[in-house]
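# A closer look at the structure
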Amino acid sequence: MAHFAKVLDGKVINVIVAEPEVIQNLVDTSPGEYIQTSYNTRGGVHYDPETGEPSADQTKALRGNYAGKGMVYDRILDAFYYAQPYDSWTLNQSTWVWEAPVEHPGDGNYLWDEENQQWVADDSQPTE
Amino acid sequence: MASKSKTVAELIEVDGDIIVNALDNVDPSFVSDKSNSSTGALGLPTGTTAQRPGSPETGYTRYNTTVGSVEFYNGTTWVATNLIPTVDSVSGLIVETIATDLTLSLTNATDTVDVVFKESGSILATVTDVSVSSGSATVTVPSAVYGQTVGDTIVISVNNVDGTPSSNSQSVTVASLPTGGTITMDGSTIVQSFTSTENLVVPSDYNLTNVHFLCLAGGGGGGGHSANGYYNDGGGGGGAGGYRTSYGSQSGGNSSVESTITISSGTHLITVGGGGASYGDTTNNGRGANGGDSSIGSILTSLGGGGGATGAWNPPIGKSGGNGGSGGGAANGLGTSAAGGTGTSGQGTNGGATDTSYQTAGGGGGAISTGANASSSSGSGGNGINTEITGSTVIRGGGGGGGGANANGSQTGADGGSGGGGRGSDSATQNSTAGGTNLGGGGGGAGGSSSVVEKIGSAGGSGVVILRYTI
């Protein structure tokens, strides 16, 4: 069974299951369009639904991520991803996630400081 | 008075035949006032209605083969001696492939009648001994009739118990079934199930009335786990898809069942929501996506289940489960509290909250019971609702279980709720499971990790729309 995202103004407003051959014939008078999405694609990788491991045939990977309500559909890049969290972050077009301009420090709790363009340690909680 | 006596020669010819007009002016009492000891029968003139005498005299009597009765002329009209039934109207439909009921309104019918179905003058079937009460008879359309082609005209008449046929008939056209989804029968009741989005087309011949429904949305995705920080927390379970029904004893969120609906002739979009995804990326910090909404045309909509909260520290979209049909479970409780997502009234329940002493996660809300709060163990998903709307018992709408913690709490993932709720992941050993397909179950949450690593829970299960009605 295939999945389709209902997209309006570049935003996913619903995700449905439907057969590809019927999607063009649906009598849907509400605004928006249906864009196919893959239930088993995350971060640009298609995963075998049986094993949870990356599929041998990565041509099945479709549009970056399985669409979720509230996500962005980028028509130019033809991919689904989350909205940009900070102005300085850039979209990795292989993994389809936003990356900070400064590499994450690693273990520990850090918050991104957009004004100063750095990760700031937050020691108010345990770090392990 | 003149003598009316005649000789034999005046009456009978040589060959024995009676001479024409020989009996004219015979005294009527000679033939009318005599006893008849014959055990045979008196032959009457016989003919169709069209063959009646053109200028009848009062008292003329004959057998009418058209109406099946002896009849006499009363000086004004022909009067049948049998009851001649009439079929005043037929209500109900003849629908391809299913045995519907027809109700005949009758006049002059006997206590039981035979109902005759014809097409193009040929009898397709006769249903015998149909009871008549207060001028009304209900008959189930036999297979030889409902097996005819859509658009064919079926002519319906009755015979009284003495064989007297009705003086008229009524015609009914064979109608088509609604299309879309999969149609099964539960006795004489139609069950139309949509496991994916399709058009429902109700033929122009009729509306669907008193339609029972189950409209179940997709379950929310289980909470994931991001690399951005606190990695020991389990992810919350996804909430079940919104559960709205008119059938059975209970609808979602422990509410009463809703009223049945009417679906008019025409085309209606039946939307089946997909399961919500589960993510582990740094952007969203791993909250599961809400499930897709399901709907029955513009009549009603059920909301997708809320996504389970991420097990990450300080996620941008919060530690609470997502709101939805049922709410997603909360996560990341150590030192801070977080509430489960809020379920929608009439559709589902709330997700489970966190406990500030542990890094366990809450369960996703189920259709009928809330997700369990996290304690030293992660919370189980709430349970779904047991329904027999298809004729078989199925539980749908279970919430996903919370993922186990890697520290400060049990590492064991919690079970999903009955009705397709996915199991939460153990922190190190066992993967979570997805919500049940077409059960609207929430996905299980990710388990906590011993190191900085992105982990995902499991996606929610897709929803379903089921209609139950008679025609």
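Residues numbered from 1 in each chain as written. Chains lettered and ligands numbered in written order. Predicted model: local features only at pLDDT ≥ 70, side-chain atom pairs only at ≥ 80, totals over all residues. Heavy atoms only, no water.

## Description of the overall build of chain B
A tally of regular secondary structure across chain B gives 3 helices and 24 strands. Against the 2.2 N^0.38 benchmark of 23 Å for 471 residues, chain B shows a C-alpha radius of gyration of 39 Å, more extended than a compact globule. Along the first, second and third principal axes, the C-alpha set of chain B runs to 135 × 35 × 30 Å. In chain B, which comprises 471 residues, the proportion classed as buried is 51%. Of all intrachain contacts in chain B linking residues separated by at least 6 positions in sequence, the fraction that spans at least 24 positions is 54%. (Helix = DSSP H or I, 4+ residues; strand = E, 2+ residues; numbered from the N terminus. Rg over C-alpha atoms; globule rule 2.2 N^0.38 Å. Buried < 20%, exposed > 50% of the residue type's maximum accessible area, 1.4 Å probe, protein only. Contact = heavy atoms within 4.5 Å.)

## Here we look at the overall build of chain A
Summing up its helical and strand segments, chain A has 1 helix and 11 strands in all. In sequence order, the secondary structure elements of chain A are arranged as β-β-α-β-β-β-β-β-β-β-β-β. Taking 2.2 N^0.38 as the reference for a compact globule, 128 residues should give roughly 14 Å; the C-alpha atoms of chain A span a radius of gyration of 18 Å, well beyond that estimate. Residues classed as buried in chain A amount to 41% of the 128 residues present. When contacts within chain A are restricted to residue pairs at least 6 apart in sequence, long-range pairs at least 24 apart make up 37% of them.

## Brief notes about the pattern of salt bridges
Within this structure, the stated rule accounts for 10 salt bridges over all chains. In this structure, Asp293(B) and Lys69(A) form a salt bridge, with 2.7 Å as the shortest nitrogen-oxygen distance. Of this pair, Asp293(B) sits in the loop between strand S19 (266-271) and strand S20 (294-296) while Lys69(A) sits in the loop between strand S5 (45-46) and strand S6 (72-74), placing the two residues on different chains. Residue Lys69(A) is classed as partly exposed on the basis of its relative accessible area of 24%. One salt bridge connects Asp415(B) with Arg423(B), and the closest N-O pair in it is separated by 3.6 Å. Connected via shared salt-bridge partners are Arg52(B), Arg62(B) and Glu71(B). (Salt bridge = Lys/Arg side-chain N within 4 Å of Asp/Glu carboxyl O.)

## Focus on the pairing of strand S10 (residues 136-140) of chain B
All names here are of chain B. What you see with S10 is a clean split: Ala137 and Val139 sit on the buried side and Ser136, Thr138 and Thr140 on the side with no burial. Pairing analysis gives 5 bridges linking strand S7 (residues 101-107) to S10, with the strands arranged antiparallel. In the strand pairing of S10, Leu102 is matched with Val139. (Pairing = 2+ DSSP bridges.)

## Digging into the environment of Ala446(B)
Residue and element names in this part refer to chain B. By the secondary structure assignment, Ala446 is in the loop between strand S23 (394-396) and strand S24 (464-469). In sequence terms Ala446 and Ser369 are 77 residues apart; their C-alpha atoms lie 22 Å from each other. When sequence neighbours within four positions are dropped, the list of residues in contact with Ala446 reads Gly223, Gly224, His225, Gly234, Gly235, Gly403, Gly404, Ser425, Lys455, Ile456 and Gly457.

## As for the layout of surface pockets
In this structure, the second largest pocket spans a volume of roughly 390 Å³. Contributing to the lining of the second largest pocket are 19 residues, with Asp28(A), Ser30(A), Leu269(B), Thr271(B) and Ser295(B) lying nearest its centre. Among the elements of the structure, strand S2 (11-18) of chain A together with S19 of chain B are those that each provide at least two residues to the lining of the second largest pocket. Here the lining of the second largest pocket takes 4 residues from S19(B), the largest share from any one element. Taken together, the residues of the lining of the second largest pocket break down into 6 nonpolar, 10 polar and 3 charged. (1 Å grid on protein atoms, 1.4 Å probe; cavity = no way out; pocket = protein on both sides within 12 Å on 5 of 7 lines; lining within 4 Å. Points joined across faces, edges and corners; volume = space filled by probe spheres on them. Nonpolar A, V, L, I, M, F, W, Y, C, P; charged D, E, K, R; others polar.)

## Quick look at unusual backbone geometry
Residue and element names in this part refer to chain B. In this model, Ser134 sits at a positive phi of 50°, which is unusual for a non-glycine residue. Summarising the element assignment, Ser134 is placed in the loop between strand S9 (122-131) and S10. Taking the relative accessible area as the measure of exposure, Ser134 reaches 79% and is therefore exposed.

## Here we look at the environment of Gly218(B)
All names here are of chain B. Considering the arrangement of structural elements, one finds Gly218 in the loop between strand S16 (208-216) and strand S17 (243-245). Classification of Gly218 by relative accessible area gives buried; the value is 0%. Taking the C-alpha atoms as reference points, Gly218 and Ser392, separated by 174 residues in sequence, lie 21 Å from one another.

## Concerning the domain arrangement of chain A
All names here are of chain A. What the domain assignment lists for chain A is domain 1 (1-83) and domain 2 (84-128). For domain 1 and domain 2, the distance between their C-alpha centres works out to 27 Å. Interface area, domain 1 with domain 2, both sides summed: about 630 Å², of which 63% is carbon and sulfur. Inspection of the domain 1/domain 2 interface yields 0 salt bridges. Taken together, the connections running from domain 1 to domain 2 amount to 2 residue pairs in polar contact (both at pLDDT 80 or more). Its residues assigned to classes, the side of domain 1 that touches domain 2 comprises 5 nonpolar, 4 polar and no charged. (Domains from an automatic or database assignment. Buried area = accessible area lost by both parts, 1.4 Å probe. Polar contact = N/O pair within 3.5 Å; in protein donor to acceptor, adjacent residues only side chain to side chain.)

## Overview of a nonpolar patch on the surface
On the surface, Val8(B), Ile12(B), Ile18(B) and Leu23(B) cluster together into a nonpolar patch covering about 390 Å² of accessible area. Relative to the helices and strands, Val8(B) is located in helix H1 (residues 8-11). (Patch = residues over 30% accessible without salt bridge, like charges linked within 9 Å, V, L, I, M, F, W, Y side chains within 5 Å. Areas by Shrake-Rupley, 256 points an atom, 1.4 Å probe, with all protein chains shown as cover.)

## With respect to the pairing of strand S14 (residues 189-194) of chain B
Residues and elements named next belong to chain B. The element S14 is extensively covered by neighbouring structure, given that 6 of its 6 residues are classed as buried. Burial along S14 is two-sided: Thr189, Val191 and Ser193 and Ile190, Gln192 and Phe194, pointing in opposite directions, are all buried. In this sheet, S14 lies alongside strand S13 (residues 182-186) in antiparallel orientation, the contact comprising 5 bridges. By the bridge assignment for S14, Met185 is matched with Ile190. Two strands pair when backbone bridges link them, and S14 and S24 are joined in this way by 5 bridges, in the antiparallel orientation. Bridge pairing in S24 places Ser193 opposite Ile466.

## Points about the sheet that holds S19(B)
All names here are of chain B. As summarised here, the arrangement of the 4 strands in space is S15-S19-S20-S21, forming an open sheet in which the pairing is antiparallel. Each having just a single partner strand, strand S15 (198-202) and strand S21 (300-302) make up the two edges of the open sheet. Averaged over all neighbouring strand pairs, the angle between strand axes comes to 20°, with direction disregarded. The pairing of S19 with S20 spans 2 bridges and is antiparallel. Across the sheet, Ile270 pairs through a bridge with Ile296, a residue of S20. (Axes fitted to C-alpha atoms, helices over the stretch in contact; angles between N-to-C directions.)

## Things to note about the packing of aromatic side chains
All names here are of chain A. If you walk through the whole model with that rule in mind, you get 9 aromatic pairs over all chains. Aromatic side chains Tyr73 and Phe80 sit 5.0 Å apart centroid to centroid with 45° between the ring planes, which places their arrangement in the tilted category. When sorted by exposure, Tyr73 lands in the same class as Phe80, which is buried. For the ring pair Trp89 and Trp119, a centre distance of 6.0 Å and an interplane angle of 55° mean the geometry is tilted. With Trp89 in the loop between strand S7 (79-81) and strand S8 (90-91) and Trp119 in strand S11 (residues 118-121), the pair connects residues that are 30 residues apart, well separated along the chain. Like Trp119, Trp89 is buried. Taken together, the aromatic side chains of Tyr86, Trp89, Trp112 and Trp119 make up a single cluster linked through ring pairs. (Phe/Tyr/Trp six-rings, centres within 6.5 Å; stacked < 30°, edge-to-face > 60°.)

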